[in-house]
Structures are given as structure tokens and as C-alpha cells.
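Each chain is listed here by its residues.
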Amino acid sequence: MDSDRDKIIKTYADHVYPGKVEFYQKYDIVLVPEKREGCKISDIYGKTFYNCHCNGGVFNLGHRNKEIISAVTRAMETYDIGNHHLISKPKADLAKMIAATLPEGLNQVVYGVSGGEAIDLSIKLARGITRKKNIISAKGGYHGHTGFALATGDKKFKEKFKPVPKGFKQIRFNRVEEIKKAVCPDTAAVILETIPATMGIVTPDKHYLKAVQEICRENKSLLILDEVQTGFGRTGKLWGFENYDVTPDMVVLGKGMSGGIYPVSATVYNEKYKNFLKENPFLHISTYGGSEIGCIAAMKVMEISQKKQFLDHVLSLEKFFKQRLELLGAAYPDLGLKVRGKGLMMGLEFKDEMTSLFLIKILFDNGIYVVYSGNDPKVIQFLPVLNMSKIEANDILSIIETSFKTMSG
Ligand SMILES: Cc1ncc(COP(=O)(O)O)c(C=O)c1O
């Protein structure tokens, strides 16, 4: 007799994603989340995991954050999705709140539902505003799987969907000379993740993003920074780019903006370019984009994430994790661990792919859920919940230590 869990897995395989089920079964890492609270998720049969991936930052403030749930529950009494054709208080209030935290001029907000949708819009806007066609992105970067977002990405993701839109070129991240050569007066925009996650949590060199900004200005091209993973406090600053002395022309927000409760994303651009949409107000439409409930969830996320005390907590957890992980790396040198990243957006690089993949399985068995970087599997993405306690952080580190021991033994 099949258990409830087996039935769910079978129905999912029959009707949703058979390939995913096969993949997880092959590596014996099947997880069917049921209960979720704070930094933990429990499988339907009761095993509990620390979520140290957080869906790329969706659960920055923990699963089912009580403050967000109560804001959304209250909103449900009077609001619904709203109507994207009409003027809306939650949309207006959230946009004002976001603009107040960004550099001067970055105050025009267009809402979406997902990160990919907001990236697509940023590219539409760049082309529409500059009347130029070429877009430059980073090899190994990732901006989503929708139309233009897919076109910015690596060949392996788009090959099967040819023909993809034209005018897209990739360069290597962190190479100023390379981007200097690639950007020309025909370039509409350069789009980069502030810290490319799928590439392996690669932090930009100190002056890289500033240099890219200058190259863009010289060529009258726009700089779009994808803050879908780095935004909302993940790096210890509200916006990841604040770490790098750079002022983008557009930023793209998603994931954590939802509080993990109600999907919402945004493309924010400089008011210098506002005539384009002013003259074409119905050129971009998204029925559910910036739904009123989503905006109310995001306002609560903004309220929590911009507090100094919250950001200081992220920085203090960063220090705690980094110090202890480096000590563990030194205690288990055969794993070849190198720790990198900013705030709680960390990449744990191991000596090779086999080591990181085995470790993911051992961590899974011991109660930590993490994933590897899609474009560099020897790097485990370590993105724990930002508001966890030191006790929880300590518990996570103990599990990592036990797992390193098993791996080395
Ligand atoms: C940096 C970055 N940008 C954009 C996206 C696309 O977001 P979504 O999956 O919500 O479309 C992702 C998703 O993982 C991402 O990591």
C-alpha cells in the first residue's frame, strides 16, 4: 500500500515533472515539503531540514514570516489582485517606498509577477529608450527562463528553443578589457547580476561594476543590475550594488520581494527615461503584475529589510558563518573548501564537482537543504534565512561539521 507521500510523488511524476522526480530519486534526495516555519522545512513524513538555499532568496525573512502573513491576511479583507489598468494605492505606496531607498532618479517602478518577466521588461525598456538593439550579458550568468531573459543566458538553456531573439552577446564577468571591447555605440544595455549566483556566487572585483558603468555612459548604453537574488538585505545592504560604488540605470527586483508569500517583481528605472512609457502607457501590460496583495506583502518586506538592526544582524551572521566555515575548511583540507560571497550570499567552493555533489547528499541526510550553482557545480550556494538566531546558525554549523567529518572519513 502506497503511503500518502508515495501517492503525491507519483501524481507529481504523472502530471507535473516526471524528469524532476527521476532526478531526485536517482540521487536519493527526495523532499516533499509540508510544514514550513522560519528557517526550517519538514518533509511530509516528518524529517526536518534547515533551508540554506531559500529558493535563491525568496525566503530571506524565513518561511511564513508572521508579520508578512498578518499584513497579507489583513489586506485580504479589503483587497484582491487589483486591476492593472487602474490607479492603485498599494502600487503607488510601494513604488514610493522603493524609490526612497535607491539612488536619486531611480524612481520609476513597473511591476511584474516573476523575476524573468521583470528582466524581459528591462530589456524592452532599454531597447525602447535607446532605440538601439544590442544587449550584453555575462557568460554563466542567469536572468531567468522567459523570452529576453533566456536570450541573455548560456547556450545550453536556449539551444532547444531556437530561434532565440537576436542582438545578444555574452562576455566574461570581471574582465574590464573584455566589456570595453564589447560595448559600442550600438549597445542598448549591459545586464549583469550584481553577484552572479548561478555562475557560482562570483563577487565582482572592487572596481569592476563602476568601470562597467563608465563604459556604458561613454557609449550611451544603459546599465541594468539584476538584484533578484542580491536584493532585500541578502548581502548585508538593502541592495547588493550598494557594496560596489555603482549607480545603475535600472534595477530588477524579485524573489525576496514576495516575502515568500505572494509573488511580485519590479523593474525600476531612472526618471530620465520616463518619457518612453509616458508616451506609450499601454505598451507593456501584466495582468497580475504588482497585484495589490503582492504590493502589500512587499511593503512589509521593505519595512523589515531596511532596518539597520536587521542589516547589522545579517552582517554579524556573515562574520559568524565565514569564520567558522574557514576553520572547518582548514580542519578538513582534503575537501578543498574556499568560502566567498557577500553577506549571507555565500559560495562554498569545493575541490571538484564530485565532492560538492556528495556533500549535498550528506548534508541532506543530516538535515540541511542546499543546491549547487547550475553553471559551476563545484560551488554549493549557501543562502540561509537572514533573520535566524545565532543558536540556529550554530546548529547549522554543527551539521556541516558532522557532514565534513563523514565526507573526509
Ligand atoms: C539572478 C536571477 N535573475 C532572475 C531570475 C528569474 O526569476 P524568476 O524565476 O522569478 O523568473 C532568477 C531566478 O532564479 C535569478 O536567480
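Residues numbered from 1 in each chain as written. Predicted model: local features only at pLDDT ≥ 70, side-chain atom pairs only at ≥ 80, totals over all residues. Heavy atoms only, no water.

The next point concerns the site of the ligand. The full set of residues close to the ligand is Ser114, Gly115, Gly116, Tyr142, His143, Gly144, Glu193, Asp226, Val228, Gln229 and Lys255. Glycine 116 has a polar backbone atom sitting 2.7 Å from an oxygen atom of the ligand. Contact distances for the ligand include 3.0 Å between an oxygen atom and a side-chain N or O atom of lysine 255. For the ligand, the protein covers 80% of the area, taking 390 Å² as the surface of the free molecule. Within the shell around the ligand, the residues separate by chemical class into two nonpolar, six polar and three charged. (Near = heavy atom within 4 Å. Polar contact = N/O pair within 3.5 Å; in protein donor to acceptor, adjacent residues only side chain to side chain. Areas by Shrake-Rupley, 256 points an atom, 1.4 Å probe, with all protein chains shown as cover. Nonpolar A, V, L, I, M, F, W, Y, C, P; charged D, E, K, R; others polar.)

With that settled, consider the domain arrangement of the protein chain. How big an interface is tends to be stated in terms of accessible area lost as the parts join. Split by domain assignment, the protein chain resolves into domain 1 (31-64 + 307-408) and domain 2 (66-305). When each unit is reduced to the centre of its C-alpha atoms, the spacing between domain 1 and domain 2 is 26 Å. Taken residue by residue, the interface counts 33 residues in domain 1 and 39 residues in domain 2. Interface area for domain 1 against domain 2, summed over the two sides, is near 2,700 Å², with a carbon-plus-sulfur share of 54%. When the area that domain 1 buries against domain 2 is broken down by residue, the three leading residues are Lys342, Met345 and Asn375, summing to 27%. Across the contact surface, domain 1 and domain 2 share one salt bridge. Among the salt bridges present, the one from glutamate 37 reaches lysine 66, with a minimum N-O distance of 3.7 Å. Every element with two or more residues in the side of domain 1 that touches domain 2 is listed here: helix 3 (54-57), helix 13 (308-331), strand 11 (338-342), strand 12 (345-349) and strand 15 (376-382). When the residues that make up the side of domain 1 that touches domain 2 are grouped by side-chain class, the tally is 15 nonpolar, 12 polar and six charged. (Domains from an automatic or database assignment. Contact = heavy atoms within 4.5 Å. Buried area = accessible area lost by both parts, 1.4 Å probe. Salt bridge = Lys/Arg side-chain N within 4 Å of Asp/Glu carboxyl O. Helix = DSSP H or I, 4+ residues; strand = E, 2+ residues; numbered from the N terminus.)

As enumerated under the stated definition, the model contains zero disulfides in all. The closest cysteine sulfur to the non-disulfide-bonded cysteine 184 is located on cysteine 216, 11 Å from its own sulfur. The exposure class assigned to cysteine 216 is buried, which follows from its relative accessible area of 1%. (Disulfide = S-S within 2.5 Å. Buried < 20%, exposed > 50% of the residue type's maximum accessible area, 1.4 Å probe, protein only.)

On to unusual backbone geometry, then. Cis geometry marks the peptide bond from lysine 162 to proline 163, where omega comes out at 0°. Mapped onto the elements of the fold, proline 163 is located in the loop between helix 8 (155-158) and strand 6 (168-171). The backbone of aspartate 28 shows a phi angle near 55°, a positive value even though the residue is not glycine. Relative to the helices and strands, aspartate 28 is located in the loop between helix 2 (18-26) and strand 1 (33-37). Under the relative-accessibility criterion, aspartate 28 is labelled partly exposed at 49%.

Glancing now at the sheet that holds strand 13 (residues 368-369). The four strands are arranged 1-2-3-13 in an open sheet whose pairing can be described as mixed. One side of each edge strand has no neighbouring strand; the edge strands of this open sheet are strand 1 and strand 13. Here strand 3 (residues 48-51) runs beside strand 13; their pairing, made up of two bridges, is parallel. Within strand 13, the position partnered with asparagine 51 by the bridge is tyrosine 369. Taken strand by strand, helix 15 (residues 390-408) contacts strand 3 and strand 13, and its axis lies near 105° from that of strand 3. (Pairing = 2+ DSSP bridges. Axes fitted to C-alpha atoms, helices over the stretch in contact; angles between N-to-C directions.)

The subject of this paragraph is the packing of helix 1 (residues 4-15) against helix 2. Where helix 1 meets helix 2, the axes come as close as 6 Å, and the angle between the chain directions of the two elements is 135°. One element, helix 1, and the other, helix 2, form an angle in the oblique class. Two secondary-structure elements touch here, helix 1 through Ile9, Tyr12 and Ala13 and helix 2 through Pro18, Lys20, Val21 and Gln25. Split into classes, the residues belonging to the contact of helix 1 with helix 2 amount to five nonpolar, one polar and one charged. (Parallel < 35°, antiparallel > 145°, perpendicular 65-115°, else oblique.)

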